[in-house]
Amino acid sequence: MAYVPKSLMLGRCWRCGRRIYKADDYFTCPKCGSMYCTTCAKKQRGKCPIDGSELIPH
Ligand SMILES: [Zn+2]
Ligand SMILES: [Zn+2]
């Protein structure tokens with residue numbers, strides 16, 4: 001397994017708990033600031049499950 005410095009980790013997906021790294025594609029909610037992996041963002045059809053806001057891709 002490759003060593004990944006902790007500083008490159010932005011956080012975890014709020015839905016599945018998967019680690020999100022700077023190099024990854026991920027989504028955030030502009031309203032509540034929650035973070036999601038691409039898999040979960042797709043499952044939620046690009047919307048935040050908490051407030052229904054459109055998720056922003058990064
Ligand atoms: Zn996820
Ligand atoms: Zn939200």
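Residues numbered from 1 in each chain as written. Chains lettered and ligands numbered in written order. Predicted model: local features only at pLDDT ≥ 70, side-chain atom pairs only at ≥ 80, totals over all residues. Heavy atoms only, no water.

A. Highlighting unusual backbone geometry. Unusually for a residue other than glycine, Arg45 sits at a positive phi of about 55°. Looking at the element boundaries, Arg45 is found in the loop between α1 (38–43) and β5 (56–57). (Helix = DSSP H or I, 4+ residues; strand = E, 2+ residues; numbered from the N terminus.)

B. Structural detail: the coordination of the zinc ion (ligand 1). Protein ligation of the zinc ion (ligand 1) involves Cys13 (SG), Cys16 (SG), Cys37 (SG) and Cys40 (SG), the donor distances falling in the range 2.3 Å. As a motif over one chain, the donors of the zinc ion (ligand 1) read C-x2-C-x20-C-x2-C. Of this pair, Cys13 sits in the loop between β1 (9–12) and β2 (19–21) while Cys37 is found in strand β4 (residues 35–37), placing the two residues 24 residues apart along the sequence. In this pair, the class of Cys13 matches that of Cys37, namely buried. (Donors = N, O, S within 2.8 Å, 3.2 Å for Na, K, Ca; no water. Buried < 20%, exposed > 50% of the residue type's maximum accessible area, 1.4 Å probe, protein only.)

C. Layout of the coordination of the zinc ion (ligand 2). Bound to the zinc ion (ligand 2) are the protein donor atoms Cys29 (SG), Cys32 (SG), Cys48 (SG), Asp51 (OD) and Asp51 (OD), situated 2.3 to 2.6 Å from the metal. Here Cys48 falls in the buried class, since its relative accessible area comes to 4%. On the accessibility criterion, Asp51 (28% relative accessible area) is partly exposed.

D. Inspection of the sheet that holds β5 at higher detail. The strand order β4-β3-β5 describes an open sheet built from 3 strands, whose pairing is antiparallel. Two strands bound the open sheet, and with one partner strand each, they are β4 and β5. Relative to β4, strand β3 (residues 26–28) is paired through 3 bridges, and the arrangement is antiparallel. Along β4, the bridge assignment pairs Phe27 with Tyr36. (Pairing = 2+ DSSP bridges.)

E. Here's a closer look at the pairing of β1. In this structure, β1 lies alongside β2, joined through 3 bridges in antiparallel fashion. Bridging from a neighbouring strand, Arg12 pairs with Arg19 of β2. In this structure, the hairpin formed by β1 and β2 is closed by a connection of 6 residues, where Gly17 is found at a positive phi of approximately 80°.

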